[in-house]
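# Examination of the molecular architecture
So the chains spell out like this:
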Amino acid sequence: MRSVIDDDGVAEGDTVFATAARMQEALAGRVLTRTDLRVPRFATTDLSGHVVSEVAPRGKHLFVRTDRGVTVHSHLGMDGSWRLYEPDERWRGRAFEVRGVLVTDERIAVGHRLRRLEVIRTSEESQLLSHLGPDVLGQDWDAAEATRRLTASPEREVGEALIDQTVMAGPGNVYRSEVCFLAGVDPRTVVGALPDPDRLVELTRSLMERNRSRGRRATTDDPRPGHDLWVYGRGGRPCRRCGTPIRSFLRGAAGARRITFVCPRCQPLLGEPTV
Ligand SMILES: [Zn+2]
C-alpha cells in the first residue's frame, strides 16, 4: 500500500541534527540583517542586528540562538525543513509554505512548513524541553533513563512508546518501524512483554547515530534509494530477510494516525494483542 502517509516521519532527530550542523556553519558568528517570521504572533518581531551565536538541535527541536539572549525556536514537525541559500539564489518550494526567513550578508536560511516557530528568551529553552526524554543524539544521552521511561508503562504498545518524545527525544515514524524490525518485535507488542527493552533503546541510538550526518537515512547497509530501509514504505513487497510480504497498518489516536510496517514472520507479536 502506498499513500501520502508513507511520506510522513521525514523530519526525525537525525534530520534535525544535520540541519542544525549546516545552519551552524552558515550562520554562526554572522549578523542578521533581516528577519521575517510569518506567524501572527511574531510577524512584527525584528531580530536584525543580532549576531547568531549558535544553532543547536534537541530531539526534533531546533534552536537558533543570538548574542542578545534570544532564541528562534522551531519544530520541523512531519515535513518541515530549513534550507540555505546564497543572497542571489532563487528559493525552491512554494512561497506560501515559507514560515521563517533569517538573512545574513552571506547566507539566507528559509524555513518551510515548520510546525512551530517562535521567538523565546534563551533562558526559557529548558522549560520548553523539560518534558522531553533523553535526546538520542544529545551529548548527554542516557540509555538507562531512556529504558526506564520506555518500560514505565508496561501495558503500552512498543510502537507508540518508541515515538513518544517524553520517552526519547528524536525518533519518529521511520525509526519506529525499522527498530522494531531489527529487534524482531511486532510494534503492537506491549512493552511489558519485551524480553530485552534495552535492545530497542540501543538500536534506536545506533541507527540514528549512523545517520546523523548523512544526507540520506539508511538502516540497511545499502544506502541506495529503494534499498535503504528494511520495512518502512515497503508494504506488499518481500521482506529482505525472509521474503514474506511486508504488511502495513495504521496506529495511534484519531487525527494522529501513523502508518507502521512489519514483517509478520520476522516480527512475531509477543504476549496478548492489545486490540
Ligand atoms: Zn521477514
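Structure: see above.
Residues numbered from 1 in each chain as written. Predicted model: local features only at pLDDT ≥ 70, side-chain atom pairs only at ≥ 80, totals over all residues. Heavy atoms only, no water.

### Remarks on the overall build of the protein chain
- When you go through the protein chain residue by residue, the secondary structure sums to six helices and 10 strands.
- Against the compact-globule benchmark of 19 Å for 275 residues, the protein chain has a radius of gyration of 20 Å, which places it among compact chains.
- Its C-alpha atoms give the protein chain principal-axis dimensions of about 60 × 35 × 35 Å.
- Counting across all 275 residues of the protein chain, residues that qualify as buried make up 51%.
- When contacts within the protein chain are restricted to residue pairs at least 6 apart in sequence, those whose partners lie at least 24 apart make up 61%.
- Within the structure as shown, the protein chain displays about 13,000 Å² of accessible surface, and the carbon and sulfur contribution to it stands at 49%.
- Between the mean site of the 42 positive side-chain charges and the mean site of the 38 negative ones, the protein chain shows a separation of 5 Å. (Helix = DSSP H or I, 4+ residues; strand = E, 2+ residues; numbered from the N terminus. Rg over C-alpha atoms; globule rule 2.2 N^0.38 Å. Buried < 20%, exposed > 50% of the residue type's maximum accessible area, 1.4 Å probe, protein only. Contact = heavy atoms within 4.5 Å. Areas by Shrake-Rupley, 256 points an atom, 1.4 Å probe, with all protein chains shown as cover. Lys, Arg positive; Asp, Glu negative; His and termini not counted. Charge placed at Lys NZ, Arg CZ, Asp CG, Glu CD.)

### Describing the coordination of the zinc ion
- At the metal site, the zinc ion is ligated by Cys-239 (SG), Cys-242 (SG), Cys-263 (SG) and Cys-266 (SG), and these contacts range over 2.2 to 2.4 Å.
- Considering all four donor atoms around the zinc ion, the spread of angles at the metal, 100 to 113 degrees, places the coordination shape in the tetrahedral class.
- Site description for the zinc ion: donor spacing in sequence, C-x2-C-x20-C-x2-C. One end of the pair, Cys-242, is in the loop between α6 (197-211) and β9 (247-251); the other, Cys-263, is in the segment after β10 (258-262), and 21 residues separate them in sequence.
- Overall, the relative accessible area of 0% leaves Cys-263 in the buried class. (Donors = N, O, S within 2.8 Å, 3.2 Å for Na, K, Ca; no water. Tetrahedral: all angles 85-135°; square planar, octahedral: opposite > 155°, others 65-115°.)

### Some remarks on the environment of Gly-184
- Locating Gly-184 in the fold gives a position in the loop between α5 (173-183) and α6.
- In this structure Gly-184 comes out as partly exposed when scored by relative accessible area, which is 23%.
- Other than its neighbours up to four places away in sequence, Gly-184 contacts Cys-266, Gln-267 and Pro-268.

### Description of the sheet that holds strand β6 (residues 98-103)
- Strand order across the open sheet formed by four strands is β1-β6-β7-β5, with antiparallel pairing between neighbours. Each edge of the open sheet carries a strand with a single partner, namely β1 (34-37) and β5 (81-85). Ignoring strand direction, the axes of neighbouring strands in this sheet form an average angle of 15 degrees.
- Pairing analysis gives five bridges linking β6 to strand β7 (residues 108-112), with the strands arranged antiparallel. Note on β7: the bridge partner recorded for Val-101 is Val-110.
- Of the strands in this sheet, β5 and β7 are in contact with helix α1 (residues 13-27), which crosses β5 at around 30 degrees. (Pairing = 2+ DSSP bridges. Axes fitted to C-alpha atoms, helices over the stretch in contact; angles between N-to-C directions.)

### A short note on the nonpolar core
- The biggest cluster of nonpolar side chains holds 33 residues, and the ones touching the most others in it are Val-158, Leu-162, Met-168, Phe-181 and Leu-200.
- Where this core is concerned, the elements lending two or more residues are α3 (143-150), α4 (158-162), α5, α6 and β10.
- With six residues, the single largest contributor to this core is α5.
- Each residue touching Leu-162, except ones within four places of it in the same chain, is listed here: Leu-150, Met-168, Pro-171, Arg-176, Val-179, Cys-180, Leu-200 and Thr-204. (Core = buried A, V, L, I, M, F, W, Y, C linked by side-chain atoms within 4.5 Å.)

### Examining the sheet that holds strand β8 (residues 116-121)
- Across the sheet, four strands lie side by side as β2-β3-β4-β8; this open sheet has antiparallel pairing. The open sheet terminates on both sides in strands that have one partner only, identified here as β2 (52-58) and β8. If you compare each strand with its neighbour and ignore which way they point, the axes differ by 20 degrees on average.
- Pairing analysis gives six bridges linking β2 to strand β3 (residues 61-66), with the strands arranged antiparallel. Bridge pairing in β3 places Ala-56 opposite Phe-63.
- Where α1 meets the sheet, its contacts fall on β2 and β3, and the angle it forms with β2 comes to roughly 175 degrees.

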